[in-house]
Amino acid sequence: MLPDSPVRQRRTVEKTSPQRHTQRECSAFGKECSFPPDPPPILQRRCFAGARHAFVNSRRGNRRLLRAAQPRFSFPGSRLRRRASCACQEGAGRRAPRARLPLPGLHFHFLFRGRGGRRQRREGSLSKKMISLSIKWPLATMLFLPSSLLILLTVSTRSWCQSSDAMSPKASNGTPFPWEKMRLPEHIIPVHYDLLIHANLTTLTFEGTTEIEITASQPTSTIILHSHRLQISKATLKKRDGERLSAEPLTVLEYPAHEQIALLAPEPLVVGLPYVVVIDYAGHLSEHLQGFYKSTYRTKEGEVRVLASTHFEPTAARMAFPCFDEPAFKANFSVKIRREPRHLAISNMPLVKSVTVAEGLLEDHFAVTVKMSTYLVAFIISDFKSISKMTKSGVKVSIYAVPDKIHQADYALDTAVTLLEFYEDYFRIPYPLPKQDLAAIPDFESGAMENWGLTTYRESILLFDAEKSSASDKLGITMTVSHELAHQWFGNLVTMEWWNDLWLKEGFAKFMEFVSVSVTHPELKVGDYFLGKCFDVMELDALNSSHPVSTAVENPAQIREMFDEVSYKKGACILNMLRDYLSAEAFKSGVVRYLQKYSYKNTRNEDLWNSMASICPADDSQSMDGFCSRGPHSSSASHWRQEGLDVKTMMNTWTLQKGFPLITVTVRGKNVHVRQELYRKGPEDASETGYLWHVPLTFITSKSDSIQRFLLKTKTDVLILPEEVEWIKFNVGMNGYYIVHYEDDGWDSLTGLLTVAHTTISSNDRASLINNAFQLVSNGKLSIEKALDLTLYLKRETEIMPVFQGLNELIPMYKLMEKRDMNEVENQFKVEAFNEVNSYMLVCFCAGVGRRPHHCAFLIRLLSDLIDNQTWTDEGSVSQRMLRSQLLLLACVRKYQPCVQRAEAYFREWKDADGNLSLPSDVTLAVFAVGVQDPEGWDFLYRKYQSSLSSSEKNKIEFALSISQDKDKLQWLLEESFKGDVIKIQEFPHILGAIGRNPVGYPLAWQFLRENWDKLIQKFELGSASLTYMVIGTTSQFSTRARLEEVKEFFSSLKEKGSQLRCVQQTIETIGENIRWMDKNFEKIRVWLQSEKLELL
Ligand SMILES: [Zn+2]
């Protein structure tokens, strides 16, 4: 899946699998545990989730959930974590909990047996903030713990390990429900589903019959599976008894809290025999955008038409048919859809035949799918039109869209064909289905979804209007199609075993967007944008409330929360780092090996690393027993030569630890001292010394532009250069997921280089210097003055990424200033000082075309040459066009008069022509942003919004409406878009976020979020990316203590309706950082601006 972008995301581990058996034995509390190296989902679920709850038993015995403690408890050494989980299970089953809490409240300890069976003890306690455990064990220690280590984890409360025993669940009819866990038992295995669905698009209901062929691996008379909001009328069990086929009724129990049902058979199922469960049920088409849901659209003539579509990932297949809704329960699916003749139905596989079952009722039969997970099943009933093409290998590719928009499908069709051909070649595995449909759905919450053979998209992310879509739309469509098609292999063919390893598919699909599109569409120069993804996620990953890429999750809300930037972007960035390290060819070989080995199966982290293990880095390396070593002629003074390369150990340091390293570089003559530590935005925390990464360092110097490489595996190390250098730049091209601090005069040398000859280093290197400098301001390593000095060279910059990065660093400074009302300012600063900064930073006082903007906002003055040089056309490369679009928008919003006047003239012309004038698409946003500030212009734009058939144009209008300075109009827009009528509900998160960033609108957005929270979590579920976007969008730019208290108070009052969300922790932490940042830097910025350094250039 691809979340929506805010700018504008039969079980294959067979029952004989030794890994599975080991887990089962452990969870049965008996045997000594010996786990494969990846976190075992079941044990994590039972124990680790239990454990983190147990941390917060207070002195008075109150049980308080402390979700934020969990990431810190994810020990960097995975081995220790596994053992802890395992022993916890043992404690639950056989051993009475026995340790007493020696300190009041929040304290714990471990007992464990070390080498030789000697019993040892470790203990720790929560900090007062209750957000972290003070104990940290150095990774270095843990990596060398003996494999026979057995930890006996003992605590003072039974809740540690017995959460499941504490309360027997009750079914909805009051009788005991026979299964207490969130995850399904493993002894019933679905093999094949026969689905019959009949939806009524008038009554908005559907009926269905699901027949599931199952086998049992142990005798049981209970079948547990998922079902959510379905009314089950009848369930029977068919079995073949010799020649005779018998059918027995099953008793149905429902347990809505876990979205499960239990089917009780009169007698136990016989192991190994095939059975078929038949369930008749009915349901309502969902009003929200998950499960089997209703979507509508308006034709050119104004008629409203209804269609029904599906979106199942991660846990909504159970809303359309009862099923074993976990990704490891793979099965084959035969889908039959009943429909009226005026509609058509599409599903994962091609149509085999249509039969008439009654007058005016047809039944479409689709071919049997390959073996796949439930979340990938899809079907759509609509009146869509389609266009098609064949790939070279004979796969039929079609685009489906509403009839009025099918003429916008050509670009997506050509792109999909090209990309499918690319992936077949790259992965060396043919696409296994005969067809690939791409459908544009009018109502769609996320960006797109990779259902096998039937990928689904937002209209704006698939349809390209040659007249109205902009350069960034084209880039977005190409990348999204690339993402979903990559999933056909990464995710669909090879699937993560459980959602804790979601990154295995999402990180990969995000990464493959860049790998594929850079080959298939070189003109888009996508390599330029990759590092932007890494900068984005580092903002989040620098917070204590971040989480490791691979993180234990259990319930649907936690699973939904995994669809975040860490899974997607950090996943992609660490894969890019690995590819840069291994070489593109070696990386590809590992990927191909992984896909071939695990086709139609499920995997964990370690399976990927094992596939890479005997693949060697580039140059002259050799493979030896799964390790690589560099030959004697290697150009770099690499540690690989001495110790070999262990991909798994290296990558575990990136996937099992949250955060990323800060590398501090000190040059002393020819010696380069390097040191690694965890990067945190805030002040250093003494308890965070245990982090250690295997960092593939790269660098260039003033004397050599050939890339030198060095794998840093220890806290500190020293490199020796052949000669002394004037400057050194680490993390070449920002291919590594780390930031770099240059001590002493290191930053001065680099600023000097940028000032006199910035093109000596690549544009990505320049962008990374800007990013790193401001990151270092946040954690106090570099002064704000030095970071601002470095940005001065942007006056001569013309490349998109350094300019964008400059904007990304400087605009948030503006935003923090804008969102302070004068009372707050008076409390914290001198009013004159604030006004002064305001005048320097926020407003343009300049007027008149051609007049130099001496008294204009700093940012505009910095970029004025570049802005003045922009043509108001659609000419140039995609990156030139995107740069133009952003610069003109910035200039017009910041009231740079030459821009405003030109945009006003364009808007007048466009309005006079009743919107029929064709504006250059890349300047449209700036034109609308100016036009909307006049009330009449606002109304005109809204009228055009209602009739526009171009989703690109609609997106631009939506954005423009949200940046109005008229509070009444903003309030009206919030209410109107929340209705989800003319403006679709899927657009609401964007609108709320845009108004939340608007200096006039942000109090309205924050108020709206609070007043409508209950309704919001109905429409966008807890943990969803949309909800996260709204929480962050409305609150994360606050920078005052009063606002921080407001935010804390509101979210803590929500209890189970939102207090526990990770995004809440993130925003609270971010506001705290903003306050600290403003306290520290405001006065310095004022003085720096007064110095008018820019004018001296
Ligand atoms: Zn995806």
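In this text, all values refer to a predicted model and were calculated from it rather than measured experimentally.

Caption draft 1: Layout of the overall build of the chain. For the chain, the count of helices and strands is 36 helices and 34 strands. Each of the 1097 residues in the chain was classed as buried or not, and the buried ones make up 64%. Total accessible area computed for the chain in this model is approximately 39,900 Å², and 51% of it derives from carbon and sulfur atoms.

Caption draft 2: Just the coordination of the zinc ion, in detail. The zinc ion binds to the protein through Met1 (N), Met1 (O), His483 (NE2), His487 (NE2) and Glu506 (OE); the donor distances cover 2.0 to 2.6 Å. In this pair, His483 and His487 are both assigned in helix H8 (residues 471-487), four residues apart and thus about one turn of the helix distant. Take His483 and His487: they sit in the same class, and that class is buried.

Caption draft 3: Geometry of the state of the cysteines. If you walk through the whole model with that rule in mind, you get two disulfides. Here Cys892 pairs with Cys899 through a disulfide, and the sulfurs are 2.2 Å apart. Residues Cys892 and Cys899 share a disulfide whose torsion about the S-S bond is about -95 degrees; that sign makes it left-handed. Across this residue pair, the class does not change: Cys892 and Cys899 are buried.

Caption draft 4: Geometry of the confidence of the model for the chain. With 77% of its residues at a pLDDT of 70 or more, the chain shows a mean pLDDT of 82. Note on residues 618-643: pLDDT is under 50 here. Beyond four places in sequence and across chains, it has 57 contacts. Here residues 844-855 scores under 50 on pLDDT; set against residues more than four positions off or in separate chains, the count is 32 contacts.

Caption draft 5: The arrangement of the sheet that holds strand S33 (residues 728-730) in detail. Taken together, the three strands give an open sheet; going across it, the order is S31-S30-S33, and neighbouring strands pair in antiparallel fashion. Both edges of this open sheet fall to strand S31 (708-712) and S33, since each of them pairs with a single strand only. Here the average twist between neighbouring strands, direction ignored, is 30 degrees. In this structure, strand S30 (residues 695-701) lies alongside S33, joined through three bridges in antiparallel fashion. Bridging across to S33, Ile700 finds its partner in Lys729.

Caption draft 6: Broad picture of the side chain of Ser1036. For Ser1036, the position within the fold is in the loop between helix H33 (1025-1035) and helix H34 (1041-1053). The class for Ser1036 is buried, based on a relative accessible area of 16%. A polar side-chain atom of Ser1036 sits 2.9 Å from the main-chain carbonyl oxygen of Ile1032. When neighbours within four sequence positions are excluded, Ser1036 is seen to be in contact with Val1031, Thr1067, Thr1070 and Asn1074.

Caption draft 7: Here's a closer look at the packing of helix H23 (residues 858-868) against helix H24 (residues 878-893). Relative orientation of the contacting elements H23 and H24 amounts to 135 degrees, with a least axis distance of 11 Å. Classed by the angle they form, the pair H23 and H24 counts as oblique. Crossing handedness for the pair H23 and H24: left-handed. Counted together, Leu859, Ile860, Leu863, Leu866 and Ile867 of H23 and Leu883, Leu887, Leu888, Leu890 and Ala891 of H24 form the full contact between these two elements. Per-class residue counts for the contact of H23 with H24 are ten nonpolar, no polar and no charged.

Caption draft 8: How the structure looks around the pairing of S30. Among the seven residues that make up S30, seven are buried, leaving the element largely enclosed by the rest of the structure. Burial of S30 is two-sided: the residues Val695, Leu697, Phe699 and Thr701 facing one way and the residues Pro696, Thr698 and Ile700 facing the other way are all buried. Connecting S30 to the antiparallel partner S31 that follows it, the hairpin turn spans six residues.

Caption draft 9: Representation of the pattern of salt bridges. Scanning the model with the defined rule gives 46 salt bridges in all. With a closest N to O distance of 3.4 Å, Glu497 and Arg604 form a salt bridge. Taken together, the positions of Glu497 in the loop between strand S24 (494-496) and helix H9 (503-520) and Arg604 in the loop between strand S25 (601-603) and helix H14 (605-613) put the pair 107 residues apart, joining distant regions of the chain. Assigned by exposure class, Glu497 and Arg604 land together as buried. Residue Glu1073 pairs with Arg1076 through a salt bridge whose shortest N-O separation is 2.7 Å. Pair noted here: Glu1073 and Arg1076 are both in helix H35 (residues 1062-1090), with a separation of three residues, about one helical turn. Given a relative accessible area of 15%, Glu1073 falls into the buried group. Connected through shared salt-bridge partners, Glu313, Glu450, Lys505 and Glu506 make up one network.

Caption draft 10: Inspection of the nonpolar core at higher detail. Counting 311 residues, the largest nonpolar core has Phe321, Phe730 and Trp1013 as its most contacted members. The element that contributes the greatest number of residues to this core is helix H7 (residues 410-427), accounting for eleven residues. Contacts of Phe730, omitting those with residues within four sequence positions, involve Val665, Val672, Val674, Leu697, Thr698, Phe699, Leu719, Val740 and Tyr742.

Caption draft 11: Unusual backbone geometry, seen in detail. With an omega of 0 degrees, the peptide bond between Glu313 and Pro314 qualifies as cis. Of note, Pro314 is situated in the loop between strand S13 (304-311) and strand S14 (332-339). Phi angles above zero are rare outside glycine, and Lys525 is one such case at about 45 degrees. You can see Lys525 is positioned in the loop between H9 and helix H10 (527-541).

Caption draft 12: Representation of the layout of surface pockets. Of the voids in this model, the second largest pocket is the one considered here, and its volume is about 940 Å³. For the second largest pocket, the lining is made up of 41 residues, of which Thr296, Asp443, Asp981, Val982 and Lys984 are closest to its centre. Going through the elements one at a time, strand S12 (291-298), helix H27 (935-947), helix H28 (951-962) and helix H29 (967-979) are the ones with two or more residues in the lining of the second largest pocket. Here the lining of the second largest pocket takes five residues from S12, the largest share from any one element.

Caption draft 13: Looking closely at the packing of aromatic side chains. Counted by the stated rule, this structure contains 56 aromatic pairs. Summarising the aromatic geometry, the rings of Trp938 and Trp972 are spaced 5.8 Å apart at their centres and angled 75 degrees between planes, so their arrangement reads as edge-to-face. Taken together, the residues span a long stretch of sequence, with Trp938 in helix H27 and Trp972 in helix H29 at a distance of 34 residues. With a relative accessible area of 3%, Trp938 lands in the buried category. You can call Trp972 partly exposed: its relative accessible area is 35%. For Lys954, the ring lying beneath its charged end belongs to Tyr945, and the centroid distance is 4.9 Å. Sitting above the plane of the Phe1038 ring, Arg1043 keeps its charged end 5.1 Å from the centroid.

Caption draft 14: Focus on H28. In this model, H28 (twelve residues) spans 16 Å end to end at C-alpha, consistent with the 16 Å of a helix rising 1.5 Å per residue. With eleven of twelve residues buried, H28 lies mostly within the body of the structure. The secondary structure elements touched by the buried residues of H28 are H8, helix H25 (897-912), helix H26 (924-931), H27, H29 and helix H30 (988-997).

Caption draft 15: The arrangement of the packing of H34 against H35 in detail. Interaxial distance between H34 and H35 falls to 10 Å at its minimum, and their mutual angle equals 170 degrees. What the angle tells us is that H34 and H35 run roughly antiparallel. Only Val1064, Thr1067, Ile1068, Ile1071, Gly1072, Ile1075 and Asp1079 of H35 make contact with H34, whose side of the interface consists of Arg1041, Leu1044, Val1047, Lys1048 and Phe1051. For the contact of H34 with H35, a count of residues per class yields seven nonpolar, two polar and three charged.

Caption draft 16: Main features of the environment of Glu303. If you trace the backbone, Glu303 turns up in the loop between S12 and S13. Look past the residues within four positions of Glu303 in its chain and what remains in contact with it is Tyr297 and Arg298. A polar contact is formed between the side chain of Glu303 and the side chain of Arg305, at a distance of 3.2 Å.

Caption draft 17: Local environment of H35. The end-to-end C-alpha distance of H35 is 40 Å, a good match for the 42 Å that 29 residues give at a rise of 1.5 Å each. Where H35 bends most, the angle comes to about 45 degrees, and this point is Asn1081.

Caption draft 18: Looking closely at the environment of Leu1022. Tracing the sequence through the fold places Leu1022 in the loop between helix H32 (1013-1019) and H33. Look at Leu1022 and you get buried, because its relative accessible area is 17%. Excluding residues that lie within four positions of it along the chain, Leu1022 makes contacts with Ala557, Arg560, Trp1013, Ile1017, Leu1027, Glu1056, Lys1057, Gly1058, Gln1060 and Leu1061.

Caption draft 19: Spotlight on the environment of Glu287. Of note, Glu287 is situated in the loop between strand S11 (275-284) and S12. Expressed as a C-alpha distance, the spacing of Glu287 and Leu204, which sit 83 residues apart in the sequence, is 9.3 Å. Not counting residues up to four positions away in its chain, the partners in contact with Glu287 are Leu204 and Lys294.

About the thresholds
- Residues numbered from 1 in each chain as written.
- Predicted model: local features only at pLDDT ≥ 70, side-chain atom pairs only at ≥ 80, totals over all residues.
- Heavy atoms only, no water.
- Helix = DSSP H or I, 4+ residues; strand = E, 2+ residues; numbered from the N terminus.
- Buried < 20%, exposed > 50% of the residue type's maximum accessible area, 1.4 Å probe, protein only.
- Areas by Shrake-Rupley, 256 points an atom, 1.4 Å probe, with all protein chains shown as cover.
- Donors = N, O, S within 2.8 Å, 3.2 Å for Na, K, Ca; no water.
- Disulfide = S-S within 2.5 Å.
- pLDDT = per-residue confidence, 0-100.
- Contact = heavy atoms within 4.5 Å.
- Pairing = 2+ DSSP bridges.
- Axes fitted to C-alpha atoms, helices over the stretch in contact; angles between N-to-C directions.
- Polar contact = N/O pair within 3.5 Å; in protein donor to acceptor, adjacent residues only side chain to side chain.
- Parallel < 35°, antiparallel > 145°, perpendicular 65-115°, else oblique.
- Left-handed = near helix turned anticlockwise from the far one by under 90°.
- Nonpolar A, V, L, I, M, F, W, Y, C, P; charged D, E, K, R; others polar.
- Salt bridge = Lys/Arg side-chain N within 4 Å of Asp/Glu carboxyl O.
- Core = buried A, V, L, I, M, F, W, Y, C linked by side-chain atoms within 4.5 Å.
- 1 Å grid on protein atoms, 1.4 Å probe; cavity = no way out; pocket = protein on both sides within 12 Å on 5 of 7 lines; lining within 4 Å.
- Points joined across faces, edges and corners; volume = space filled by probe spheres on them.
- Phe/Tyr/Trp six-rings, centres within 6.5 Å; stacked < 30°, edge-to-face > 60°.
- Lys NZ or Arg CZ within 6 Å of the ring centre and 35° of its normal.
- Expected span 1.5 Å × (residues − 1).
- Bend = angle between axes of the 7 residues up to and from the residue.

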